Amino acid sequence: MKIIKFAHMSLYVTSINSGSNGNCYYVGNGNEAILIDAGISCREIERRMARLGLSIQRIKAIFISHEHSDHIKGLCRLSLKYHIPVYINQETLRATGFFIPPDQLRIFHSSAPIQVGDLQITPFAKYHDAVDPYSFVVEGGDIRVGVFTDIGRVCERVQYHFSQCHAVFLEANYDEELLDRGRYPYFLKNRIRGGHGHLSNKQALELFLNYRTQALSHLFLSHLSKDNNCPDLVAELFSAHANGIKIMVASRYEESPIFEIKKSLQPAAIIPEIPPFPKTLF
């Protein structure tokens, strides 16, 4: 396997898999990287990273967003095999039923930034039907990459963090018409669109149009439903409003190419403080 050498002044990202069949996202610099979720098997993560020329030895941490199986399927095997620290909150850990060895377990308690080498990871609470779900912003060298999937609705925190990013993995889970006409039972349709499920194409587009800044260079449309969405439909919808931003659809079947995210000459939005999150999500 040929290992890719990276420059130190950029961040590098890829979607290893994105969808209800498994989620795993790579964000790193020239020295180290992290994974957001490990929702496909360890073996498949190994295969896909090898095809990309990425060394698993670069992975210094795995961050877990919530306990649903499409985000944790490969976690135990991957973390144990390579002795990778796991960052997870206490409620999510309890809900997984997993045992993480104490020397690898890192419990995070709030939205306080976490330092992993030269990377700073900021978790923030979101709306989703899990016990204590989080999304993440990864920062290195003043470049910020957001991983915003499994979001029931757009709150002020999502708006804030989106406006700070140079690249974003953004959920566009379903087309409203396809969901309405689809085969899912009524209760499941309501679970998806009920405010604690997933973002529709329309909701994701509104966030993109209203909170993007000139600093945003890449948008990776993520966690598309197999039954209630269409990659071509999503790509066409967002590309019509791209204004120079690179639009990609993250696949549920294969890894994406590696993308280099460079610091923009344009500043991100300046917002005085992070909006407070409600004390209860429900």
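Scroll up for the structure.
Keep in mind it's a predicted model, so treat the numbers as computed, not measured.

## Some remarks on the state of the cysteines
Working definition of a disulfide: a covalent bond connecting the sulfur atoms of two cysteines.
Turning to step 1, where the next piece is worked out: Under the criterion given, the structure shown has zero disulfides.
Turning to step 2, where the next piece is worked out: Among the cysteines around C165, which has no disulfide bond, C155 carries the closest sulfur, lying 14 Å off.

## Regarding the sheet that holds strand β14 (residues 259-261)
Turning to step 1, where the next piece is worked out: Read across the sheet, seven strands follow the order β6-β5-β4-β3-β2-β1-β14 without closing on themselves; strand pairing throughout is mixed. On the outer flanks of this sheet lie β6 (105-107) and β14, each paired with one strand and no other. Between one strand and the next, the sheet's axes are offset by a mean angle of 25°, whatever the strand orientation.
Turning to step 2, where the next piece is worked out: Here strand β1 (residues 11-17) pairs with β14 via three bridges, running antiparallel. Looking across to β14, one finds that V13 is bridged to F259.
Turning to step 3, where the next piece is worked out: Across the sheet, helix α1 (residues 42-52) lies against β1, β2 (24-28) and β4 (59-63), angled at about 135° from β1, the strand it touches most.

## Notes on the packing of aromatic side chains
Turning to step 1, where the next piece is worked out: Scanning all chains against the criterion turns up nine aromatic pairs.
Turning to step 2, where the next piece is worked out: Residues F169 and F220 carry aromatic rings whose centres are separated by 4.7 Å and whose planes lie at 25° to one another, so their mutual orientation is stacked. Remark: F220 occurs in strand β12 (residues 218-222) and F169 occurs in strand β11 (residues 167-171); sequence separation between them is 51 residues. As far as burial versus exposure is concerned, F169 and F220 are alike and both buried.
Turning to step 3, where the next piece is worked out: Linked through ring pairs, F63, Y87, F108, Y134 and F136 together constitute an aromatic cluster.
Turning to step 4, where the next piece is worked out: Against the face of Y127 rests R153, its NZ or CZ located 3.7 Å from the ring centre.
Turning to step 5, where the next piece is worked out: The positively charged end of R212 is found above the aromatic ring belonging to F208, 4.6 Å away from the centroid.

## Quick notes on helix α3 (residues 75-82)
Turning to step 1, where the next piece is worked out: Of all the positions in α3, only L75, L78 and S79 are classed as buried. Down the axis of α3, the buried side of the element spans an arc of 90°, and every buried residue falls inside it.
Turning to step 2, where the next piece is worked out: Where α3 is buried, its residues meet β3 (33-36), α1, β4, α2 (69-72) and β5 (86-88).
Turning to step 3, where the next piece is worked out: In the stretch just after α3, H83 is the one whose phi turns positive, near 55°.

## A few points about the pairing of β2
Turning to step 1, where the next piece is worked out: Counting buried positions over the five residues of β2 gives five, a clear majority of the element.
Turning to step 2, where the next piece is worked out: Neither face of β2 is left uncovered, since the one carrying C24, Y26 and G28 and the one carrying Y25 and V27 both have all their residues buried.
Turning to step 3, where the next piece is worked out: In the sheet, β1 pairs with β2 via five bridges, with the strands oriented antiparallel. Its bridge partner being in β2, T14 is matched across the sheet by Y26.
Turning to step 4, where the next piece is worked out: Counted along the chain from β1 to the antiparallel partner β2, the turn is six residues long, and its residue G19 has a positive phi close to 155°.
Turning to step 5, where the next piece is worked out: In this antiparallel pair of consecutive strands, β2 and β3, the connection spans four residues.

## Brief notes about the environment of G194
Turning to step 1, where the next piece is worked out: Tracing the sequence through the fold places G194 in the loop between α7 (186-193) and α8 (201-211).
Turning to step 2, where the next piece is worked out: Judged by its relative accessible area of 54%, G194 falls in the exposed class.

## As for the sheet that holds strand β8 (residues 119-125)
Turning to step 1, where the next piece is worked out: Pairing is mixed in the open sheet, where seven strands are placed in the order β7-β8-β9-β10-β11-β12-β13. The sheet is open, and its two borders are formed by β7 (114-116) and β13 (246-249), each paired with just one other strand. Direction aside, the axes of adjacent strands within the sheet are offset by 20° on average.
Turning to step 2, where the next piece is worked out: As judged from the four bridges shared by strand β10 (residues 143-148) and β11, these two strands associate in the parallel manner. Bridge assignment links V145 to a residue of β11, and that residue is A167.
Turning to step 3, where the next piece is worked out: Contacts from helix α9 (residues 231-239) reach β12 and β13 within the one sheet, and its direction differs from that of β13 by about 165°.

## A closer look at the pairing of β11
Turning to step 1, where the next piece is worked out: Along β11, five of the five residues are buried, which leaves the element largely enclosed by surrounding structure.
Turning to step 2, where the next piece is worked out: Of the two faces of β11, the one lined by A167, F169 and E171 and the one lined by V168 and L170 are each fully buried.
Turning to step 3, where the next piece is worked out: Handedness of the β10-helix α5 (residues 156-162)-β11 crossover: right-handed.
Turning to step 4, where the next piece is worked out: Bridge count for β11 against β12 is five bridges, and the pairing is parallel. Paired with V168 across the strands is L219, a residue of β12.

## Quick look at the pattern of salt bridges
Turning to step 1, where the next piece is worked out: Considering all chains together, one arrives at eleven salt bridges under this definition.
Turning to step 2, where the next piece is worked out: Residue E46 pairs with K81 through a salt bridge whose shortest N-O separation is 2.7 Å. Of the two residues, E46 sits in helix α1 while K81 sits in helix α3, which places them 35 residues apart along the sequence.
Turning to step 3, where the next piece is worked out: Classification of K81 as partly exposed rests on a relative accessible area of 42%.
Turning to step 4, where the next piece is worked out: Of the charged contacts, one joins K263 and D142 as a salt bridge, the two residues approaching to 3.5 Å between their closest N and O atoms. Of this pair, K263 sits in the segment after β14 while D142 is found in the loop between β9 (134-140) and β10, placing the two residues 121 residues apart along the sequence.

Procedures and definitions
- Residues numbered from 1 in each chain as written.
- Predicted model: local features only at pLDDT ≥ 70, side-chain atom pairs only at ≥ 80, totals over all residues.
- Heavy atoms only, no water.
- Disulfide = S-S within 2.5 Å.
- Pairing = 2+ DSSP bridges.
- Helix = DSSP H or I, 4+ residues; strand = E, 2+ residues; numbered from the N terminus.
- Axes fitted to C-alpha atoms, helices over the stretch in contact; angles between N-to-C directions.
- Contact = heavy atoms within 4.5 Å.
- Phe/Tyr/Trp six-rings, centres within 6.5 Å; stacked < 30°, edge-to-face > 60°.
- Buried < 20%, exposed > 50% of the residue type's maximum accessible area, 1.4 Å probe, protein only.
- Lys NZ or Arg CZ within 6 Å of the ring centre and 35° of its normal.
- Arc of directions from axis to C-beta.
- Right-handed = clockwise from strand over helix to strand, strands pointing away.
- Salt bridge = Lys/Arg side-chain N within 4 Å of Asp/Glu carboxyl O.

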